[in-house]
There are 2 protein chains.
Amino acid sequence: MPRQIRLNAFDMNCIGHQSPGLWTHPNDRADTYNTLEYWTDLARILERGKFDALFLADVLGIYDVYNQSPNTALEHAVQVPVNDPLMVVPAMAMVTEHLGFGVTCALSYELPYPFARRMSTLDHLTKGRIGWNIVTGYLDSAARGMGMPRQKAHDDRYDVAEDYMQAAYKLWEASWEDTAVLRDRQSRRFADPSKIHRILHEGPHFRVDAIHLCEPSPQRTPVLFQAGASNKGRDFAARHAECVFINGPSKKVVGNIVTDLRHRAAAAGRDPSDLIIFTMMTVITDTTTAKAHDKYQNYLGYVSEEGALALMSGWTGLDFGAMRPTDIVRFDNKANAQTSALEAFTTADPDRTWTVGEIARHAAIGGRSPVLIGSGAEIAEQLQAWVEETGVDGFNLAYTLTPGTFADMADFVVPELQSRGLFKHDYAPGTFREKLFGRGPRLPATHPAAALRP
Amino acid sequence: MPRQIRLNAFDMNCIGHQSPGLWTHPNDRADTYNTLEYWTDLARILERGKFDALFLADVLGIYDVYNQSPNTALEHAVQVPVNDPLMVVPAMAMVTEHLGFGVTCALSYELPYPFARRMSTLDHLTKGRIGWNIVTGYLDSAARGMGMPRQKAHDDRYDVAEDYMQAAYKLWEASWEDTAVLRDRQSRRFADPSKIHRILHEGPHFRVDAIHLCEPSPQRTPVLFQAGASNKGRDFAARHAECVFINGPSKKVVGNIVTDLRHRAAAAGRDPSDLIIFTMMTVITDTTTAKAHDKYQNYLGYVSEEGALALMSGWTGLDFGAMRPTDIVRFDNKANAQTSALEAFTTADPDRTWTVGEIARHAAIGGRSPVLIGSGAEIAEQLQAWVEETGVDGFNLAYTLTPGTFADMADFVVPELQSRGLFKHDYAPGTFREKLFGRGPRLPATHPAAALRP
């Protein structure tokens, strides 16, 4: 049987996620992000299409690097307003049975003790379908909201994250033994206190002296996602992540990242296949090639190139508002670790350069991701080629229209993938971790968290 | 028309809330607290009974004062395990249309910027049905979970709370003007940035320099609940709260608190009737007086008196495990502001004293609240007397069995209250605030937050 392709839907609790301006399209429902109906309809579509998970991005700040102002982001709803992503999960869990939920939560501003409880609560309520995308934040505007002048330096953020993970693992894995909960009405004993342990964590950044407030949830530690692109970020992913979210404009770039990540995982003592790697992709599809291209042309009439530059400025830290559209962008790899987004653009093809205007046009549909346009069969073929040539496990699918892009994928592409034997006809049983890895529900023995178990 | 009685259901995302041990009763479902089904079933029952709101308690720590150990709390599931209360709200919002949600969130450990977003998100998703019970925490075990040796001193916590409220109000009320959001697909403008303001808060404890991440939600500031019993707590409630949750063992005690709170509200420049005051009550009812008393006798066979002492030790800071059951408890009003729970017990009737054993027996059903037992008509009559004699607006109804206690209330008592003209037949239209006060959806001009509007 050929390798099974994994599919996440990529969304955010906001209006303009990766395709700025498209919220103005008559068929787009992104601006109903603040209703339960939007999320439950989306979840039903994704489960119909056998998507593995909904992956929710998040950012606790505003894209205000472009023109050194938040105005473009606000005017065009570029990832602002942005609501809390965790709050939409319980409603989606109610209307689905199998769909996983990978939710981005920044660890820079919330202490491990209440955060661990929040994730355990969701793991209980979803019956083991929660995942956590570990991020440290990248916008100074977020830090200012927290009363700090700016973000910590990039590498320091990963030191904080490492300490945070140790504290969280102890709460999830080391506080309650498997047999601690009795739930015995006859003996009138809910739990055996001798099997419940106070965990003590005295790290450089976090101290915890507490019993975890939650009884063990199905997965205990949520499925761990990570998306770091830098050297430190990749090391962190190789050590901690079960699912890695990457991004690259070409098979060559993505293939190199995949190879590198699996080497790092092996170096960290893990099985390289314990990493499920998703690369970001934007798909525009319909019943025929021509109709798909018509759709694309139609969408171009709604994009906001200014919004795209606001996004790119936030991602790279470079103010594209201070440049002319004809300026050629040069990547200085010493300037800022955040410029990896730009590096991916500008080094994909060493024989070409990018102007600011070209970046704006490209990023306006699907952000930094490649865009595939074609019939369901053509898309399936292209996705297969990406998997075979890069070693990636699957795709994080950005939308142009929501939930339309996801419905198109379910209706036109998934059946083609299934008929090629590349995509599941039914969900595997069990928790999110068991569905993804065929083992679980807890982290495997090779994961660093396992060593903390009592 | 006589004054309408208000009813909240009082629950917590845990197993043993106010009646320790009752989870072992065959008809109790409290130990399914970690499922969505428990909460959606509960919400449907409450809306059927026209309850104004579900009030969710919370505590980020473990009751470990009794015997200086968490063991009793863990063994008997006394408010531990305790899951995150916010996560169950979206699922309940899906299956109801009118029920309000008053959720306890401690402000001592979470910064205003992400917290304000979380509440705005819930106000959007519930279409304006969210309330926030402002607490500062009282267990040192919670502080240790956060890396601190103990709680801040009681009065200092209210200074922190005051600063926190100012920052949160600014985010909710002052960042986005009413006309800032355009949502205009034609002009391709989501918002008018000139009407969106960066708020700057430089307080003694919190600094915020940010645009609120959420567009205005129906109520903006959630309906504000508060439950402080101390002098500082009552002043805080009089200044900030819209709904106050109090507790007392007799009409005399409760009546004095109600009078005092309304005086303090007037002194703070507010209309005393702008405070809706709920007192805690436990009701055991059935079709007849005899059946209700049989129920009570039956419940007594399941209580955990040791669990009750663990609760009382946590509330008062006194280790009842170090005393004998026959010891008489003396209240020292200089010892600890937290001992107000004990004060309520021991000063209710100046002619009697309480032994530790009597406290355990009393607190094992309904915690610190009075217990009313009788037919629906008898309970309705007693509730009416409480309202008339104390000036209280309604009741925070603790359960003995869940959701059975709430179903009993809906089936046996609510129709009796309705036939006496004391309880609504239908919900009022609009948001939670509009349903409670007949005005809104935003805070009135006399509330201190109103002065911060742009």
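Residues numbered from 1 in each chain as written. Chains lettered and ligands numbered in written order. Predicted model: local features only at pLDDT ≥ 70, side-chain atom pairs only at ≥ 80, totals over all residues. Heavy atoms only, no water.

(A) Up close: the relation of the copies chain B and chain A. When chain B is fitted to chain A, the best match, at an RMSD of 0.0 Å, comes from turning it 180 degrees and sliding it 0.0 Å along the axis. On the angle and the small slide along the axis, the relation comes out as a two-fold axis. For chain B, the residue whose C-alpha comes nearest the rotation axis is Ala91 of chain B, separated from it by 2.4 Å. Interface residue correspondence from chain B to chain A reaches 100%, placing this contact among same-surface, isologous pairings. (Least-squares fit on C-alpha atoms with pLDDT ≥ 70 in both. Contact = heavy atoms within 4.5 Å.)

(B) Region of interest: the confidence of the model for chain A. For chain A, the average pLDDT comes to 93, and 95% of its residues sit at 70 or higher. Across the whole predicted complex the pTM is 0.96, and at the interface the ipTM reaches 0.96. (pLDDT = per-residue confidence, 0-100.)

(C) Just the packing of helix α8 (residues 251-267) of chain A against helix α13 (residues 376-390) of chain A, in detail. Residues and elements named next belong to chain A. At a closest axis distance of 9 Å, the pairing of α8 and α13 adopts a crossing angle of 45 degrees. In this view, α8 runs oblique relative to α13, as classed from their interaxial angle. Crossing hand, α8 versus α13: right-handed. Contact residues: α8 offers Lys251, Val254, Gly255 and Val258, while α13 offers Ala385, Trp386, Glu389 and Thr390. Its residues assigned to classes, the contact of α8 with α13 shows four nonpolar, two polar and two charged. (Axes fitted to C-alpha atoms, helices over the stretch in contact; angles between N-to-C directions. Helix = DSSP H or I, 4+ residues; strand = E, 2+ residues; numbered from the N terminus. Parallel < 35°, antiparallel > 145°, perpendicular 65-115°, else oblique. Left-handed = near helix turned anticlockwise from the far one by under 90°. Nonpolar A, V, L, I, M, F, W, Y, C, P; charged D, E, K, R; others polar.)

(D) The arrangement of the interface of chain B and chain A in detail. Each partner contributes residues to the interface: chain B has 80 residues there, and chain A has 80 residues. Buried area between chain B and chain A, both sides added, is near 6,900 Å², and the carbon and sulfur share of it is 58%. Considering only the side of chain B, the residues that lose the most area to chain A are Met87, Arg185 and Arg188 of chain B, jointly responsible for 12% of the buried surface there. The interface formed by chain B and chain A includes 16 salt bridges. The shortest N-O distance in the salt bridge between Arg183 of chain B and Asp31 of chain A comes to 3.5 Å. Linking chain B with chain A are 40 residue pairs in polar contact (both at pLDDT 80 or more). Counting only elements with at least two residues in the side of chain B that touches chain A, the list comes to α1 (36-48), α2 (71-75), α3 (89-94), α4 (112-125), α5 (140-145), β5 (181-184), β6 (189-191) and β8 (207-210) of chain B. It is α4 of chain B that contributes the most residues to the side of chain B that touches chain A, eight residues altogether. Within the side of chain B that touches chain A, the residues separate by chemical class into 43 nonpolar, 18 polar and 19 charged. (Buried area = accessible area lost by both parts, 1.4 Å probe. Salt bridge = Lys/Arg side-chain N within 4 Å of Asp/Glu carboxyl O. Polar contact = N/O pair within 3.5 Å; in protein donor to acceptor, adjacent residues only side chain to side chain.)

(E) Structural view of the packing of helix α10 (residues 305-316) of chain B against helix α12 (residues 356-363) of chain B. Residue and element names in this part refer to chain B. The contact between α10 and α12 brings their axes to 8 Å, and the two run at 100 degrees. As far as their axial angle goes, α12 and α10 are roughly perpendicular. For the pair α10 and α12, contact is made by Glu305, Ala308, Leu309 and Met312 and by Val356, Ile359, Ala360, Arg361 and Ala363, respectively. Taken together, the residues of the contact of α10 with α12 sort by class into seven nonpolar, no polar and two charged.

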